[in-house]
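Commentary on secondary and tertiary structure
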Amino acid sequence: MILPVHTIVRSQLQHTLSQTFGLPESDQPPIVIEMPPRRALGDLAVPVAFELARRLRKAPRAIAQELAAALGSLDGIARIEAAPNGYLNFYLDRRAFVMARLGDAYRQAQGEPVEQTTVADKAIVEHTAINPNKAAHIGHLRNSALGDSMARLLRFQGRPVEVQNYIDDTGVQVADVVVGFSQLEGRDLTGVRALSDDPGVRFDYYCWDLYAKVTEWYEGDAERLKVRAAAMHDIEAGGNAMAEMGAFIADRIVRCHLRTMARMNVDYDLLTWEGDILRLQFWTKAFEELKALGAVFLQTEGRLAGCWVMKIEDGQTAESDAPSDDEFGHDREAGAERGKEAQAERGNDSREKVIVRSNGTVTYVGKDIANQFWKFGLLGRDFHYRVFDDRGGRPLWATSSTPTGDGGNAPPFGRASAVYNVIDSRQAYLQELLKQALGAMGFAQQAEASTHFAYEMVALSHATARELGYADEEGLGKPFVEVSGRKGRGVKADDLLDRLITTATGEVMARQPDLPPADARAIAESIAVAAVRYFLVKFSRGKVIAFDIKEALSFEGDTGPYLQYAVVRANNIFGKLRERDGVTAESIADHLDALSPAALVEGEEADELWGLVLEASRLDEIVDSAVRALEISHLAKFTFTLAQSFNTFYHRQPIMREEREDVRLWRAAAVAYCKRQLTRSLELMGCSVPTRM
RNA sequence: GCGUCCGUAGCUCAGUUGGAUAGAGCGUUGGCCUCCGAAGCCAAAGGUCGCAGGUUCGAAUCCUGCCGGACGCACCA
């Protein structure tokens, strides 16, 4: 891990700037620490001299030289050099660095905590939230892969995390399937139950098709939409056959989703059911307070007469209000001025969002506001809780409208200090309203801590759409074909996983003919999951993924299996090393104590070896960057690049047949650390490492 | 019309809060398995970073305008 070194360098620089240069910390530019392009230039680089050149009326080079001299000797730093162009370059004490990292690895292997970075504040990550009326598809997987990784990254940083999955069991989509069963198929609850209990039927797949049929049925005659409205009304009211059927379908489909997600190594702490929010009247409570504060008011005229509405503040309020730490910024004033002008222009047509309809029912936004308030512990009410699934002794909790026998054992849910809602970017506008509602209620801090983790949708490439038999008449001009649950157009998550597993099993058996089929299958599952999950997080979140089956089925190049393969190779080295020399990855540090560090510090091979260790150490820095930017792709890219570096090293610097013991052991040490960091990175992306491939 | 996001190699994409010579994967071409596993490695070819201005010692990155594309702006969720 590299961040502790950053901390030392940064604080020493700040100290020196204030002591030697007379610049108080509040007056210093932010100290950026980067990585030089070539190892010969050092291990860490700081371009601060450029920033100071004008202020101090000196050449960057001269400033860098003075800084280098004034810094003196730093813990863990071998030497500091001022580059001719003005960079301040730091060379680490390689031996000390490696020994410390390996010590960490060893302690962690023993199950001891390495760093105590625990922050008390809990973060809630809400993701998945698939309508419980049909099978999960590839688009849903992107949400879950991103959300699950985000939770893992936060935990990596030492933050307590609660993962919630919001279940919209009272929405129009469940109602549609209820209509399908009752109107198109003439089934009652008993009939639906029989269907879902039939082992020959995949219930979520069945509903997938039924949902598409209902959509067609509506299109046949607009009058039929009244049937849907009636079903929705019944479901919200409760205590009738439609509501019972809806509840049954939602329960069964959620269990299907959980099974699918479990295959992907995606897990939750709590299922939040929208029906419970309604029945426990969370909204009523939030509504009272919003009314009292005037944040929501009754519109008496115009087309929205009779509705309770909230004013929409246009523009990017969240961003422009954020305090900038850019002391050297040039455009902040100008930017604020422009923002004001723009807002004045828009002032006239300020819009209103309906929160409570004129018929008295609450919109989705209203329910979501109440839920968001609850997440922060601001509602003054709580759910009851029930155990939804035993999961072999690790209970999965769900909300409940009524007290249950298990309720007393439930952990304290909600009351978080930060909330990440993983929802596709089409809902950015609604998510902005949530922040506004919090702000309007005087909870500025919580508004600031409400994060919309927005990502773009997954579409299908033309080739894949054709392969699946979808006529792409409407997508001809576009670069991709949109998926549509309504039309039943998309790639089901389980189908995709099954195909990947089949392909991977073939690959494994071709390479490992002696492997029992069950083992080959288990390995193939690990490979398949890595392939999908890596594919879904390697793109930055703002980019539409044009999903292509052929590309996703590929196991070569920038793919999950490539990463796994690198670790498998590294593990193989240690398998042989242990057998022949009794050296293990965990005990490698003990073998190094008495050795000369020449193989680590002298010559080109040493530079390459050291470069691998240094690169591997950046995992914590990358995780920070990923969390800050909400970009799991940063971690994906880091892992891939590290795997590439490892593969290069693997080919260039053999270990088993290296005869010089010190060289062999230092190389092994680099591999031990590298494979540990790769394994950790893969874990953060929800991927495991197979024993063989 | 307004707002948000996107535009980088033939294709798909990175580019870490403005920094040292713009990088990967796929595809193409050519090499490497008596040598820790070739799901790998090495090499070659491939670029007006959408366009035009501006700020800066320095811009793919920040600002303005334009062009092209996606999405959003419901008494749907």
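Our subject is the structure that appears above.
Residues numbered from 1 in each chain as written. Chains lettered and ligands numbered in written order. Predicted model: local features only at pLDDT ≥ 70, side-chain atom pairs only at ≥ 80, totals over all residues. Heavy atoms only, no water.

Attention now goes to helix α6 (residues 172-184). For α6, which comprises 13 residues, the first-to-last C-alpha distance of 17 Å matches the rise-based estimate of 18 Å (1.5 Å per residue) to within 8%. A large share of α6 lies buried, amounting to 10 of its 13 residues. Buried within α6 are the following residues: Gln-173, Val-174, Ala-175, Asp-176, Val-177, Val-178, Val-179, Gly-180, Phe-181 and Ser-182. If you follow the buried residues of α6, they end up packed against α7 (189-197), α8 (203-220), α9 (225-237) and α10 (241-263). After α6 finishes, the residue Gly-186 shows a positive phi value of roughly 60°. (Helix = DSSP H or I, 4+ residues; strand = E, 2+ residues; numbered from the N terminus. Expected span 1.5 Å × (residues − 1). Buried < 20%, exposed > 50% of the residue type's maximum accessible area, 1.4 Å probe, protein only. Contact = heavy atoms within 4.5 Å.)

Moving on, we get to the packing of helix α5 (residues 138-156) against helix α20 (residues 517-537). Closest axis-to-axis distance for the α5/α20 pair is 9 Å, and the angle between their directions is 85°. Considering the angle they form, α5 stands roughly perpendicular to α20. Within the contact between the two elements, α5 uses Ile-138, Leu-141, Arg-142, Ala-145, Leu-146, Asp-148, Ser-149 and Arg-152 and α20 uses Val-532, Arg-533, Leu-536 and Val-537. Taken together, the residues of the contact of α5 with α20 sort by class into seven nonpolar, one polar and four charged. (Axes fitted to C-alpha atoms, helices over the stretch in contact; angles between N-to-C directions. Parallel < 35°, antiparallel > 145°, perpendicular 65-115°, else oblique. Nonpolar A, V, L, I, M, F, W, Y, C, P; charged D, E, K, R; others polar.)

This structure, assessed with the given rule, holds 17 aromatic pairs. Arranged with centres 5.9 Å apart and planes meeting at 50°, the rings of Trp-217 and Tyr-218 form a pair that is tilted. Like Tyr-218, Trp-217 is buried. A cation over a ring is seen here: Arg-202 above Tyr-205, with NZ or CZ 4.1 Å from the ring centre. (Phe/Tyr/Trp six-rings, centres within 6.5 Å; stacked < 30°, edge-to-face > 60°. Lys NZ or Arg CZ within 6 Å of the ring centre and 35° of its normal.)

Our next topic: the protein's contact with RNA strand B. The local shell around RNA strand B holds 69 residues, among which Tyr-87, Arg-351, Arg-357, Ser-540 and Tyr-650 are the closest. Atoms of RNA strand B within 4 Å of the protein belong to the sugar or the phosphate in 63% of instances, the rest to bases. Here a base nitrogen of RNA strand B sits 3.0 Å away from a polar atom, N or O, in the side chain of Arg-511. Here His-651 contributes a side-chain N or O atom positioned 2.9 Å from a sugar or linking oxygen of RNA strand B. For the surface near RNA strand B, the secondary structure elements donating two or more residues are α2 (48-56), α14 (332-346), α16 (428-440), α19 (493-511), α22 (560-581) and α27 (632-652). In terms of residue count, the dominant contributor to the surface near RNA strand B is α27 (eight residues). (Near = heavy atom within 4 Å. Polar contact = N/O pair within 3.5 Å; in protein donor to acceptor, adjacent residues only side chain to side chain.)

By themselves, these are just geometric observations and shouldn't be taken as functional.
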